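Below, each chain spelled out in residue letters.
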Amino acid sequence: MSEGAPIVVLEGVSKGYGEGANRVEVLRDLDLEVHRGELLAVVGPSGVGKSTLLHLMGLLDRPDAGRIILGDRDVSTLDQEARARARNREIGFVFQYHYLLDELNAVDNVALPLRIAGRRTEAARGRARELLERVGLADRGHHFPDQLSGGEQQRVAVARALAMEPPLLLADEPTGNLDRNNAEKLFSLVGELHLLEGLTSVIVTHNEEMAGRCDRVFRLAPVGDESRDV
Ligand SMILES: Nc1ncnc2c1ncn2[C@@H]1O[C@H](COP(=O)(O)OP(=O)(O)OP(=O)(O)O)[C@@H](O)[C@H]1O
Ligand SMILES: [Mg+2]
């Protein structure tokens, strides 16, 4: 396959929530390709469907219509178990809140996806330590989440997302709770991972400056902007 071939393709994807009078159409007939190695920013007003889009790409939810192709297969038709397996191996998630487990230290938080995938404890911890070193937290492995700063917590979350070496990182406002300095550090880290490891990332952000530093910006516009009779 040629360089820059898409890692994710969305074809005619539609998604809404609710029924009848409560029905909300969020995405309508959306086409999007994310290329290998690309750092793609997704921006748009609050409520436009950025998280919805990320959840669909991350196989956390299913489209109402359209196809989603991950790598070279159509994942819109996979059953729940196959989707969960694909999620564990092919996709890393980072959210605005870190979702680290309070009762586990940084090493064991990062090791968790590896343990779930069946790796032995010591092998998983060894790999977790390498990952923590890569995100600049080699000396924080034994700290529990409440002993880490917000920026450090998010970097642990990135290390955890990358534990299974997924080709695709999906991040939903990963710097939303961080101050400028920590946001900058986290963003630089993702940039480094792209250069050094050929990662592909889709980052939802409200920060235009950060979006502008990505390879490409995808702007999501509200559906139904066209005037219609009520
Ligand atoms: N599970 C759900 N049930 C019903 N409506 C939902 C659900 N999830 C999202 N929505 C609605 O879908 C629309 C898009 O939500 P989404 O979370 O994708 O927006 P967003 O672009 O990520 O916004 P923000 O920038 O505030 O995070 C919103 O109007 C929201 O209320
Ligand atoms: Mg959102």
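Residues numbered from 1 in each chain as written. Chains lettered and ligands numbered in written order. Predicted model: local features only at pLDDT ≥ 70, side-chain atom pairs only at ≥ 80, totals over all residues. Heavy atoms only, no water.

Peer 1: Go over the sheet that holds strand S5 (residues 73-74), please, and point to the residues and values.
Peer 2: The strand order across the open sheet built from 4 strands is S2-S1-S4-S5, with neighbouring strands paired in antiparallel fashion. Each edge of the open sheet carries a strand with a single partner, namely strand S2 (24-35) and S5. Its contacts with the sheet put helix H1 (residues 50-57) on strand S1 (6-17), S2 and strand S4 (65-70), and the angle it makes with S2 is roughly 55 degrees. (Pairing = 2+ DSSP bridges. Helix = DSSP H or I, 4+ residues; strand = E, 2+ residues; numbered from the N terminus. Contact = heavy atoms within 4.5 Å. Axes fitted to C-alpha atoms, helices over the stretch in contact; angles between N-to-C directions.)

Peer 1: Report on the site of ligand 1, specifying residues and quantitative values.
Peer 2: Every residue lining ligand 1 is accounted for by Tyr17, Val26, Pro45, Ser46, Gly47, Val48, Gly49, Lys50, Ser51, Thr52, Glu173 and His206. Contact between ligand 1 and glycine 47: an oxygen atom at 2.8 Å from a main-chain N or O atom of the residue. One nitrogen or oxygen atom from the main chain of glycine 49 is found 2.9 Å from an oxygen atom belonging to ligand 1. In isolation ligand 1 has 640 Å² of accessible area, and contact with the protein removes 58% of it. The element that contributes the greatest number of residues to the shell around ligand 1 is H1, accounting for 3 residues. (Near = heavy atom within 4 Å. Polar contact = N/O pair within 3.5 Å; in protein donor to acceptor, adjacent residues only side chain to side chain. Areas by Shrake-Rupley, 256 points an atom, 1.4 Å probe, with all protein chains shown as cover.)

Peer 1: Any details on the pairing of S2? Residues and values, ideally.
Peer 2: Here 8 bridges tie S1 to S2, and the two strands are oriented antiparallel to one another. Counterpart to glycine 16 in the pairing with S2 is glutamate 25.

Peer 1: Can you break down the pattern of salt bridges residue by residue, with the values?
Peer 2: Here the structure, examined in full by the defined rule, presents 18 salt bridges. Here arginine 67 makes a salt bridge to aspartate 74, at a shortest N to O gap of 3.6 Å. By relative accessible area, which is 22% here, aspartate 74 ends up partly exposed. Its salt-bridge partner being glutamate 184, residue arginine 213 comes within 3.1 Å of it at the nearest N-O pair. Taken together, the residues arginine 213 in the loop between helix H7 (208-212) and strand S9 (216-219) and glutamate 184 in helix H6 (residues 180-197) connect sequence positions 29 residues apart. Beyond isolated ion pairs, a larger network of salt bridges with shared partners links Glu11, Arg67 and Asp74. (Salt bridge = Lys/Arg side-chain N within 4 Å of Asp/Glu carboxyl O. Buried < 20%, exposed > 50% of the residue type's maximum accessible area, 1.4 Å probe, protein only.)

Peer 1: Pulling in residues and values, what's your account of the pairing of S1?
Peer 2: Burial analysis of S1 places 9 of its 12 residues in the buried class, which makes it a mostly covered element. Connecting S1 to the next strand, S2, in antiparallel fashion are 6 residues, including glycine 18 with a positive phi near 80 degrees. Pairing geometry for S1 and S4, over 5 bridges, is antiparallel. Looking at the pairing, serine 14 lines up with alanine 65 of S4.

Function cannot be inferred from these measures alone, as they are strictly geometric.
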